[in-house]
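Report on the structure
Take a look at the letters that make up each chain.
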Amino acid sequence: MPFDNHYHNLVSEKPQSHTRLIRDYEGANSDFDFIIVGSGIGGGILADDLADNLGDSKRILVLDAGSFIYPTHVYNISRYSNGAVARHFGVVNIERDQNDPVHFIGEEPQMNLGGRSVFWSGLIPTPQKWERDFFPPEVQADFENDYLTEAGDKMNASISLGEFADSMVKLFRDSDLSEDFVIEETPRAVHQPYLQADGQPKGEYYTEPTGVFNTAELLVNQAGLTPGSGFDGNGLFIKLNAFVEAINETPEGWQEVVVTDTLSKSQRSYYAPKAVIAAGSTESPKLINRSSVYHKFPDNVRRHVGFGLTDHPVSSEAQIFVKKAQLEKNGTIVQSIPIERDDHAKIVFYSKGKLDQNGHIQFPFNIEMNINHEYWHLRHNDPSSGIPDLSDEDRDKVRVDIKFSFANLLDNYNGILSWYNDGYKPHVRFKRWYQYHLLNERFPKIAGWQKDKISFLNLLRETKNRVFSHFEIEGYGADPFYSNDGWPFGWGTVHHACGTLRMPWKERRGQANFNFSDSVVDTNLKVKNTAGLYVCDMSVMPISTAANPVRALGGLALRLSRHLRQ
Ligand SMILES: Cc1cc2nc3c(=O)[nH]c(=O)nc-3n(C[C@H](O)[C@H](O)[C@H](O)COP(=O)(O)OP(=O)(O)OC[C@H]3O[C@@H](n4cnc5c(N)ncnc54)[C@H](O)[C@@H]3O)c2cc1C
């Protein structure tokens, strides 16, 4: 039975604004050089880069099941928090039991032009060496030479929020924290290509970097500018409301991409020697299950399809109210920075992955710090928008908050319980971050150590105190690490979840070799047992890094683009 929109909350429509801004592909020619399923970060960056390099000589088709709901990131047009807008558009694409507190995922993915990039927060920290070690060696080498930097360039990575933020970074770099952490302003993927990375205007215009990079805008611009705009010519073409049912290999080794139009319900196939699945970490394994390759996989590969769904444990925030930052050396204050209500900074303390005397990673997490948090998206520059996340009492105070974001290796227990013809909305098995699981399975796999709850909370408490000791504190806000009673982790979400169509991976720290034989894709992201089917989204990740995952995915997309062009 073809897809009939049973996904609650999926917007399925074709407004005039869509057809006037980007022409939906309606050509008679069904043959392309490359077909990409999904227009999110993975599919969008890949398609854009292919079109930049081959747009005048090749036909590239992007198919997305969603509609044209926003032509750009929500922050470029709205003052509501991106998380709230994202929830509003979350598509129910899996069955889960809300009464089951162990397996419930907090939030669903968005399906539309640009995928989740239209809603994301735009933070693009860089995975560090100790995390990159969990990528297969060829990928590690390419990340280092220099796909992670290029991914930042593609996404207009910012490097500064200005002089105050620079001075805070300097203070922390001069402190003892720099022995264990690399300290930087958190890089953000920004909208305005007309600003330099340090926030200075490139030309005559000055505009605050309020916006966020997204692939809806990237593709809208690329489709308009690519030469050869006739349907029969070359260039980038986009077709929305195009749900891909299956990808089947023809006897000649081409990929037949079977599409149901979600509005008319008619079906049509498109063909290419190379097709790329970029449907996101929950949809891509379902699509593989419906495709011809699923039956060709040997058991050792098939059993990993959909499994390994791994999220990104980030602790709750600890908050203080402060007057100044200061650095003391040998009993003397050597640096002091007064902090005003409208100063702001967003700083990442990347763990260096240093080992303790047992050879275990001391800090398998990054620290994320905000000073006056509400400013960091710069959306509250407009006073009429208010500062929604502060009470009246705290509104005039300078607030500093920190949280800990952990790396985790793939969790084999979690997965999409999908099978051929599963009615499109399979059940999900998703152990959330409950205490026993994190302390006894996830953290030992990545760090090597195994701590009981009190020792673990002590580690976070001591690290928090090290950071907060550099401020003159005038009051305390939330502190999830204050007592030993609570557990500072909430629900998981699918936002950073990865691993469901894994590349070669390591099960745990200390394992000598990568598992190349059982992975679903190889190091070039090619699906095993196919002539030309690839995957380019969060599902290929072999680790959920402490750094938010989009920079690594951007790097993989650029790397795949090069591979497909060779
Ligand atoms: C509120 C929020 C904040 C976030 N903040 C950050 C952050 O600061 N930093 C960071 O690194 N990450 C962040 N993330 C996570 C990040 O945005 C996602 O992990 C990433 O964008 C996923 O990209 P993707 O290409 O894997 O998939 P997606 O963005 O999910 O794209 C998949 C696309 O495929 C389409 N599709 C699915 N199935 C089919 C089908 N059968 N046929 C055709 N098309 C299909 C979908 O409609 C969708 O457009 C955030 C996410 C959210 C929601």
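**Describing unusual backbone geometry**
- Phi is positive for N372, close to 50°, though the residue is something other than glycine.
- Overall, N372 belongs to the buried group, its relative accessible area being 0%.
- Here L525, not a glycine, exhibits a phi torsion of approximately 70°, which is positive.
- Within the secondary structure layout, L525 lies in the loop between β18 (471-476) and β19 (533-535).

**Structural notes on the sheet that holds strand β16 (residues 411-417)**
- With antiparallel pairing, the 3 strands of this open sheet are ordered in space as β9-β16-β17. Both edges of this open sheet fall to β9 (307-308) and β17 (427-429), since each of them pairs with a single strand only.

**Topic: the nonpolar core**
- Core analysis: the biggest nonpolar cluster contains 145 residues, and M168, F172, I288, M369, I371, F456 and F471 have the highest contact counts within it.
- Looking at this core element by element, the count peaks at 8 residues for helix α13 (residues 550-565).
- Aside from chain neighbours lying at most four places away, what touches F456 is F406, L439, F443, W449, K451, W487 and F489.

**So, the environment of L355**
- Looking at where L355 falls in the secondary structure, it is placed in the loop between β12 (345-351) and β13 (365-371).
- Separated by 83 residues in sequence, L355 and L438 have C-alpha atoms that sit 20 Å apart.
- Contacts of L355, omitting those with residues within four sequence positions, involve H360, I361, Q362 and R509.

**Focus: the site of the ligand**
- As a structural note, the neighbourhood of the ligand is formed by 37 residues, with D64, R116, V244, H495 and V550 the closest of them.
- Burial of the ligand by the protein chains amounts to 97% of its free accessible area of 1000 Å².
- Secondary structure elements with two or more residues in the shell around the ligand: α2 (41-54), α3 (82-89), β5 (242-249), α8 (283-290) and α13.
- It is β5 that contributes the most residues to the shell around the ligand, 3 residues altogether.
- When grouped by side-chain class, the residues that make up the shell around the ligand number 17 nonpolar, 15 polar and 5 charged.

**Focus: the sheet that holds β19**
- Read from one edge of the open sheet, 5 strands run β4-β2-β1-β8-β19, paired in parallel fashion. Only two strands of the sheet have a single partner each, and these edge strands are β4 (235-239) and β19. The sheet shows a mean angle of 20° between the axes of neighbouring strands, taken without regard to direction.
- Relative to strand β8 (residues 274-277), strand β1 (residues 34-37) runs parallel, the two sharing 4 bridges. The partner of I36 across the bridge, within β8, is V276.
- Strands in contact with α13 are β1, β8 and β19; relative to β19, the strand with the most contacts, it is inclined by about 165°.

**Brief notes about the pattern of salt bridges**
- Within this structure, the stated rule accounts for 24 salt bridges.
- Here K239 makes a salt bridge to D24, at a shortest N to O gap of 3.6 Å. Linking K239 in strand β4 with D24 in the loop between α1 (16-21) and β1, this pair joins segments that are 215 residues apart in sequence.
- Residue K239 is classed as buried on the basis of its relative accessible area of 11%.
- Residue D24 is classed as buried on the basis of its relative accessible area of 3%.
- The partner of R442 in a salt bridge is D411, and the shortest N-O contact between them spans 2.9 Å. In this pair, R442 sits in helix α11 (residues 435-447) while D411 sits in strand β16, placing the two residues 31 residues apart along the sequence.
- Judged by its relative accessible area of 5%, D411 falls in the buried class.
- Residues joined by salt bridges that share partners form a network here, namely D48, D49, D52, K154 and R565.

**Comments concerning the pairing of strand β14 (residues 398-406)**
- For β14, a buried count of 8 out of 9 residues is recorded, marking the element as mostly surrounded by other parts of the structure.
- The pairing of strand β10 (residues 318-329) with β14 spans 5 bridges and is antiparallel. Its bridge partner being in β14, I320 is matched across the sheet by V400.
- Where β13 and β14 come together, 7 bridges link them in antiparallel fashion. In the sheet register, N370 faces β14, and the bridge partner there is D401.

**Looking at the packing of aromatic side chains**
- Across all of its chains, the model carries 35 aromatic pairs by this definition.
- A centroid spacing of 6.2 Å and a plane angle of 70° characterise the contact between F32 and F237, whose relative ring orientation is edge-to-face. Here the residue F32 occupies a position in the loop between α1 and β1, and F237 occupies one in strand β4, the gap between them amounting to 205 residues.
- Taking the relative accessible area as the measure of exposure, F32 reaches 2% and is therefore buried.
- By relative accessible area, F237 is classed as buried at 6%.
- Arranged with centres 5.4 Å apart and planes meeting at 70°, the rings of F404 and F481 form a pair that is edge-to-face.

**A few points about the side chain of T310**
- When you line up the elements, T310 lands in the loop between β9 and β10.
- Here the side chain of T310 touches D411 through a polar contact of 2.8 Å, landing on its backbone nitrogen.
- Among residues more than four places away in sequence, those in contact with T310 are N408, L409, L410, D411, R442, H496, A497, C498 and S544.

**Things to note about α13**
- Compared with the 22 Å implied by 1.5 Å per residue over 16 residues, the 23 Å span of α13 between its first and last C-alpha is a close match.
- By the criterion of burial, α13 is predominantly enclosed, with 13 of the 16 residues buried.

Cut-offs applied
Residues numbered from 1 in each chain as written. Predicted model: local features only at pLDDT ≥ 70, side-chain atom pairs only at ≥ 80, totals over all residues. Heavy atoms only, no water. Buried < 20%, exposed > 50% of the residue type's maximum accessible area, 1.4 Å probe, protein only. Helix = DSSP H or I, 4+ residues; strand = E, 2+ residues; numbered from the N terminus. Pairing = 2+ DSSP bridges. Core = buried A, V, L, I, M, F, W, Y, C linked by side-chain atoms within 4.5 Å. Contact = heavy atoms within 4.5 Å. Near = heavy atom within 4 Å. Areas by Shrake-Rupley, 256 points an atom, 1.4 Å probe, with all protein chains shown as cover. Nonpolar A, V, L, I, M, F, W, Y, C, P; charged D, E, K, R; others polar. Axes fitted to C-alpha atoms, helices over the stretch in contact; angles between N-to-C directions. Salt bridge = Lys/Arg side-chain N within 4 Å of Asp/Glu carboxyl O. Phe/Tyr/Trp six-rings, centres within 6.5 Å; stacked < 30°, edge-to-face > 60°. Polar contact = N/O pair within 3.5 Å; in protein donor to acceptor, adjacent residues only side chain to side chain. Expected span 1.5 Å × (residues − 1).

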